[in-house]
Amino acid sequence: MTPKRPYLLRAFYEWIVDNNMTPYITVDATAEEVSVPRQHVKDGRIVLNISPTAVRDFVMDNDAVSFSARFSGAAFYVYCPIYSVLAVYSRETQEGASFPPDEYAQVKPTVAKGPSLAAVSTRAEETEEADLDSTEDLPPDEPPPPKTNKPAAKSRPALRVVK
């Protein structure tokens, strides 16, 4: 059975916002994959204001809560996997829900190893390298061809999946 935390988190968030209150979440900042400003972490936890007026690009799905926000005037992208969210509550009334830490004990968070990206040369770079290597085949008494200041034709870079 899937964990109920993401569903309850979304429900309480909507309830708090619908009642014109400020939703806060408490996050375990020591959990894997958590990206929060470390200078605001106290005792391994951080409390975050996730009201629509305080955050940008807010996403709350079954896997994580993520958004951009300002901390001490500096923009920061926050990423909190659902298993790291310990509570959601209203700042004004302190009403909300806390989540048992053992809910995700059986469902170990796995880091999905997707395809990785590697830098590959463009066709123009390959052509340039081939042109440079071709001067080695010239007889020693012939001067190399003149270099032009014209930039090499640029083609779109190509990406390939490396497993």
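Residues numbered from 1 in each chain as written. Predicted model: local features only at pLDDT ≥ 70, side-chain atom pairs only at ≥ 80, totals over all residues. Heavy atoms only, no water.

### What to know about the overall build of the protein
Argument step 1. Along its length, the protein carries 2 helices and 9 strands.
Argument step 2. Counting from the amino terminus, the protein carries its helices and strands in the arrangement α-β-β-β-β-β-β-β-β-α-β.
Argument step 3. Residue burial in the protein is summarised as follows: out of 163 residues, 30% are buried.
Argument step 4. Across the protein, the fraction of contacts at a sequence separation of at least 24, relative to all contacts at a separation of at least 6, is 57%.
Argument step 5. Carbon and sulfur atoms make up 53% of the accessible area of the protein, which amounts to about 11,800 Å² in all. (Helix = DSSP H or I, 4+ residues; strand = E, 2+ residues; numbered from the N terminus. Buried < 20%, exposed > 50% of the residue type's maximum accessible area, 1.4 Å probe, protein only. Contact = heavy atoms within 4.5 Å. Areas by Shrake-Rupley, 256 points an atom, 1.4 Å probe, with all protein chains shown as cover.)

### A short note on the sheet that holds strand E3 (residues 56-60)
Argument step 1. The strand order E3-E4-E5 describes an open sheet built from 3 strands, whose pairing is antiparallel. Either end of the sheet is taken by a strand with one partner, and the two such strands are E3 and strand E5 (74-81). On average, each strand axis in the sheet is tilted by 20° relative to the strand beside it, whichever way the strands run.
Argument step 2. Note: E3 against strand E4 (residues 64-71), 3 bridges, orientation antiparallel. Looking at E4, one finds that methionine 60 is bridged to valine 65. (Pairing = 2+ DSSP bridges. Axes fitted to C-alpha atoms, helices over the stretch in contact; angles between N-to-C directions.)

### Quick look at the side chain of arginine 5
Argument step 1. Mapped onto the fold, arginine 5 is located in helix H1 (residues 5-18).
Argument step 2. Ignoring sequence-local partners within four residues, the contact set of arginine 5 consists of Ile82, Tyr83, Ser84, Val85, Phe99, Pro100, Pro101, Glu103 and Tyr104.

### Thoughts on the pairing of strand E1 (residues 23-28)
Argument step 1. Within E1, 5 of the 6 residues are buried, leaving the element largely enclosed by the surrounding structure.
Argument step 2. In the sheet, E1 pairs with strand E2 (residues 45-49) via 5 bridges, with the strands oriented antiparallel. Within E2, the residue paired with tyrosine 24 across the bridge is asparagine 49.

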